[in-house]
Amino acid sequence: MIEPRTPVQSGVPRARSEEGTAPLPVAPLPVAPLPVAPLPVKQATGRFLVLAGVFLCAACGLVYELELVALASYLIGDSVTQASVVLSVMVFAMGIGSLGAKRLRLRAAAGFGAVEAALALVGGCSAMALYAAFAWTGDWGGSWAGGSRYLLVGFSLAIGVLIGAEVPLLMVLIQRIRRQDPGGAVADLFAADYVGALVGGLAFPFLLLPMLGQLTGALLTGAVNALAGGALVLGLFRRDLTRRGRWTLLVANVVVLGLLASAAALVDDFERAARQAMYGKDVRVAVQTGVQEIVVTGGKREPFNLYLDGRLRVSGRDQQRYHEALVRPAMAGPHARVLILGGGDGLAARQVLRFPGVRQVDIVEIDPGVVRLARNDPPLGALNGHVYEDPRVRAVTEDAFRWLRGPHTPYDVVISDLPDPGITASTKLYSQEFYGLAAQVLAPDGRLAVHAGSLSSRPRVFWTVDATLRAAGLRTVPYWVGTGAPPAPAARQHGAWDRLTGIADGPDRTLDGTRAPSDWGFELAGPRPLPEGAVPRERVRAAERSRITGLAPSTLVHPRYAD
């Protein structure tokens, strides 16, 4: 009789019982751990140095992420989309990097040194490369029309892969110092990693960005990254490397630091050349305030242009037509007290003061740098008629939404001269809640004038503003100012009207960076029926031809201005 046998898993060695009959399964032999590394310092000191390296590398990694998000939001626009793209691609790439690091475990020290040198170079130069691509190739069109976006995804992927490879290799290195329970080692590593991320996340907006700027800040971060990685490997684990490996890593880090230092030395010349590529050679003012970048071109022989965060906000060629269309309809009626939301350049105030009977004009501008420019820049002062010297004009530097929440005496007229709603940071200033607050400061027969963007190229955004004003309990009169007439929705093709008007896709951008948009959409609103004839009928009819119905209002928790 044949006795039944217990199945044995493949690859498991067999052992015989004392009788020598039935085979018994036994556990596979464990893989021998890497031996404890001979260190030039005590184990406790070595462990501290590894965790300090984790801390610094995590801080640098988060700075790279935030720098990509900030620069992409500034160059490309729509900060929500750019943040989502950068973070999602980077987290996905970190998973790929973690898997790839498995192949480097037996050479963890050399692998970690190489990863940090590459990360320092790629992360440190990423801001400069993105800025260069935007400045010199942003208007190429064709297959490279989205070149800056492709480069953003590429850098996010590369940086994510390198960051993802760090923790598995550091896990091996910390176990080389002193063997411990894997769960405890992981807890120590992640604690240092998360604290480093906190420091990096706070250092970027409060230290690096205001003191050094995006380009120099990224380059400095790359230098810290290279020094931390190189010092950890060459100082603590140098015996894990061959003589040739040590020299190779040393030379690589010296080259990376040299490239970063050279780029830092040339960063001012680079920024000037990039600005000239984007704005032309006649750049008179370029300053980074705590709110945005302000660039002024022309004003002497060439037409005056004011750019805020790369977007054309004031053009000497068209500003008169724009501000007259914004202000004049709202001034049909009582207008002793006027509130201007935005408009720190003083141009809307200049238009308001042309009407007799104005006793007070309050300007609420978030950026004091714009107000200083309007006061002190001779060409802009000539354009705005030196309105800040008029005793009736008072400027308040505060966020318009926050300011409206306070108690105020009612105004006869409120002028909303704000950036387009398509810019993510401005969506709250075009929300139902914002217009509800604006309605509270209006007198019973007051009027609210709103710049609602381009009607021809972004009609859905315009009519969403109209729906939002109505949802806030205001009556509206939409009107259009431009050349020709906006096409009806059925006849409109995305981008076709842009080529005719000079308006490019995206908020406040022009095709060549020098022409102002020749088409604007406005809303005149109020709690009561608006004065007859305040807006010419042909302008109202031109707007109504493109009406889109059934749109929901935009709110703080559900913005609806993505075109």
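Since this is a predicted model, take the numbers as computed values, not measurements.

Draft legend 1. Up close: the overall build of the protein. Check the secondary structure of the protein and you find 17 helices and 13 strands. The buried share among the 563 residues of the protein stands at 50%. The contacts in the protein between residues at least 6 apart in sequence include a share of 74% that link residues at least 24 apart. Accessible surface computed for the protein: about 26,500 Å², of which carbon and sulfur atoms make up 60%.

Draft legend 2. Broad picture of the sheet that holds strand β7 (residues 337-342). Here we have 7 strands laid out as an open sheet, ordered β9-β8-β7-β10-β11-β13-β12, and mixed in their pairing. In this open sheet, the two edge strands, each paired with only one partner strand, are β9 (393-397) and β12 (475-482). Strand-to-strand twist of the sheet, defined as the mean angle between neighbouring strand axes without regard to direction, takes the value 15°. Where helix α11 (residues 368-376) meets the sheet, it contacts β8 (360-365) and β9, and its direction lies at approximately 150° from that of β9. On top of the sheet, helix α14 (residues 432-440) reaches β7 and β11 (442-451); it is set at about 140° to β11, its chief contact.

Draft legend 3. Fine view of the packing of aromatic side chains. Taken as a whole and judged by the stated rule, the model has 12 aromatic pairs. An aromatic cluster of at least three residues, connected via ring pairs, comprises Y322, Y479, W520 and F522. Across from the ring centre of Y411, 4.2 Å away, lies the NZ or CZ of R337, which sits over that ring.

Draft legend 4. Representation of helix α4 (residues 147-164) within the structure. Between its terminal C-alpha atoms α4 stretches 26 Å, which fits the 26 Å expected from 18 residues at 1.5 Å a residue. Every buried residue of α4 is listed here: G147, S148, L152, F155, S156, I159, G160, L162, I163 and G164. On its buried side, α4 packs onto α1 (43-76), α2 (79-100), α3 (108-137) and α5 (166-177).

Draft legend 5. Main features of the packing of α5 against helix α6 (residues 182-236). In contact at an axis separation of 6 Å, α5 and α6 are set at 130° when each is read in the N-to-C sense. The angle between α5 and α6 places the two elements in the oblique class. Crossing geometry of α5 relative to α6 is assigned as right-handed. Across the interface between the two elements, V167, L170, M171, I174, Q175 and I177 from α5 touch P182, A185, V186, L189, F190, L232 and L236 from α6. Per-class residue counts for the contact of α5 with α6 are 12 nonpolar, 1 polar and no charged.

Draft legend 6. Just the nonpolar core, in detail. Counting 67 residues, the largest nonpolar core has V50, L68, F112, L170 and F237 as its most contacted members. Those elements that place two or more of their residues in this core are α1, α2, α3, α4, α5, α6, α7 (243-265) and α8 (267-279). Counting residues in hydrophobic clusters, the runner-up holds 44 residues, among them V352, V361, Y388 and A534.

Draft legend 7. Highlighting the pattern of salt bridges. Taken as a whole and judged by the stated rule, the model has 14 salt bridges. Among the salt bridges present, the one from R176 reaches D240, with a minimum N-O distance of 2.6 Å. Highlighted residues: R176 in helix α5 and D240 in the loop between α6 and α7, separated in sequence by 64 residues. A residue is classified by how much of its surface remains accessible, and D240, at 33% relative accessible area, is partly exposed. Between E324 and R328 there is a salt bridge whose closest N-O contact spans 3.3 Å. We classify R328 as partly exposed; its relative accessible area is 43%. Each of D466, R470, E544 and R547 takes part in salt bridges that share partners, so that together they form one network.

Draft legend 8. Representation of the sheet that holds strand β3 (residues 283-288). Here we have 4 strands laid out as an open sheet, ordered β3-β4-β5-β6, and antiparallel in their pairing. Either end of the sheet is taken by a strand with one partner, and the two such strands are β3 and β6 (311-315). Between one strand and the next, the sheet's axes are offset by a mean angle of 15°, whatever the strand orientation. Here α8 sits on the sheet in contact with β3, β4 (293-297) and β5 (305-308), set at roughly 60° to β4.

Draft legend 9. Representation of the confidence of the model for the protein in the model. Of the residues in the protein, 85% reach a pLDDT of 70 or more, and the chain-wide mean stands at 85. Confidence over residues 490-517 falls short of pLDDT 50; this stretch has 65 contacts with residues more than four positions distant or in other chains.

Draft legend 10. Up close: unusual backbone geometry. Not every positive phi belongs to a glycine, and D309 is a case in point at roughly 50°. Mapped onto the secondary structure, D309 falls in the loop between β5 and β6. Judged by its relative accessible area of 22%, D309 falls in the partly exposed class. Residues other than glycine seldom take positive phi values, yet H386 does so here, at roughly 55°. Relative to the helices and strands, H386 resides in the loop between α12 (378-384) and β9.

Draft legend 11. Focus on the packing of α4 against α5. Contact geometry for α4 and α5: axes closest at 5 Å, N-to-C directions at 20°. Compared by their axis directions, α4 and α5 come out roughly parallel. In this structure, α4 contributes L162, I163 and G164 to the contact, and α5 contributes E166, V167 and P168. Tallied by class, residues from the contact of α4 with α5 come to 4 nonpolar, 1 polar and 1 charged.

Draft legend 12. Geometry of a nonpolar patch on the surface. On the surface, a nonpolar cluster with roughly 500 Å² of combined accessible area is contributed by L56, L207, M211, L212, L220 and V224. The element contributing the most residues to the nonpolar patch is α6, with 5 residues. Within the secondary structure layout, L212 lies in helix α6.

Cut-offs applied
- Residues numbered from 1 in each chain as written.
- Predicted model: local features only at pLDDT ≥ 70, side-chain atom pairs only at ≥ 80, totals over all residues.
- Heavy atoms only, no water.
- Helix = DSSP H or I, 4+ residues; strand = E, 2+ residues; numbered from the N terminus.
- Buried < 20%, exposed > 50% of the residue type's maximum accessible area, 1.4 Å probe, protein only.
- Contact = heavy atoms within 4.5 Å.
- Areas by Shrake-Rupley, 256 points an atom, 1.4 Å probe, with all protein chains shown as cover.
- Pairing = 2+ DSSP bridges.
- Axes fitted to C-alpha atoms, helices over the stretch in contact; angles between N-to-C directions.
- Phe/Tyr/Trp six-rings, centres within 6.5 Å; stacked < 30°, edge-to-face > 60°.
- Lys NZ or Arg CZ within 6 Å of the ring centre and 35° of its normal.
- Expected span 1.5 Å × (residues − 1).
- Parallel < 35°, antiparallel > 145°, perpendicular 65-115°, else oblique.
- Left-handed = near helix turned anticlockwise from the far one by under 90°.
- Nonpolar A, V, L, I, M, F, W, Y, C, P; charged D, E, K, R; others polar.
- Core = buried A, V, L, I, M, F, W, Y, C linked by side-chain atoms within 4.5 Å.
- Salt bridge = Lys/Arg side-chain N within 4 Å of Asp/Glu carboxyl O.
- pLDDT = per-residue confidence, 0-100.
- Patch = residues over 30% accessible without salt bridge, like charges linked within 9 Å, V, L, I, M, F, W, Y side chains within 5 Å.

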